[in-house]
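Residue-level structural notes
Here are the chains, one letter per residue:
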Amino acid sequence: MRLFELRQKEVINICTCRSLGCVADVDFDERNGCIRFLIIPGPGRFCNVFGRDTEFFIPWKCVRQIGKDIVLVEIDEDECRRKCE
């Protein structure tokens, strides 16, 4: 699978059955080339527009399944949420 194909998939948290959005980026380990995190933009500041305060950094080990249209993850959303820099 290419990054372009992964970016088109919606990410669903199976713990809450909530959509987190679509993959925006990935974080690689530069030493071995393995994916460390999927990065998903958080909700917008006002009515889901006008920029973002947070992003979800989802550890690769929390990815449960990648399907044709979605990525299923099992995470605690509060632990995976990070402030945008």
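Note: the structure precedes this text.
If you're wondering where the values come from, they're calculated on a predicted model, not measured in any experiment.

Across four bridges, strand S3 (residues 25–28) lies against strand S4 (residues 35–41) in antiparallel orientation. Looking across to S4, one finds that Asp27 is bridged to Phe37. Counting the residues that bridge the hairpin from S3 to S4 gives six residues, and of these Gly33 lies at a positive phi of roughly 80°.

Looking now at the packing of aromatic side chains. Under the definition given, this model contains one aromatic pair. Aromatic pair Phe37 and Phe57: ring centres 6.0 Å apart, planes at 70°, arrangement edge-to-face. With Phe37 in strand S4 and Phe57 in strand S7 (residues 54–59), this pair connects stretches of sequence that are 20 residues apart. Across from the ring centre of Phe37, 5.0 Å away, lies the NZ or CZ of Arg82, which sits over that ring. Arg82 extends its terminal NZ or CZ atom over the ring of Phe57, reaching a point 4.3 Å from the ring centre.

Thresholds, definitions, all that
- Sequence order as written defines the numbering, with residues in each chain counted from 1.
- This being a predicted model, a pLDDT of at least 70 is required before a residue's local features are given, and a value of 80 or more before pairs of side-chain atoms are given or counted; all residues contribute to the totals for chains, interfaces and linings.
- Derived side-chain values reflect all non-hydrogen atoms in the structure, with water molecules and hydrogen atoms excluded from consideration.
- Whether two strands pair depends on DSSP finding at least two bridges between them.
- Working definition: helices are DSSP H or I runs of at least four residues, strands are E runs of at least two. Numbering for both runs from the N terminus.
- Stacked, tilted and edge-to-face pairs are distinguished by plane angle, under 30 degrees for stacked and over 60 for edge-to-face with tilted covering the rest, among Phe, Tyr and Trp rings (Trp via its six-membered ring) whose centres lie within 6.5 Å.
- For a Lys NZ or an Arg CZ to count as sitting over a ring, it must be within 6 Å of the ring centre and within 35 degrees of the ring normal.

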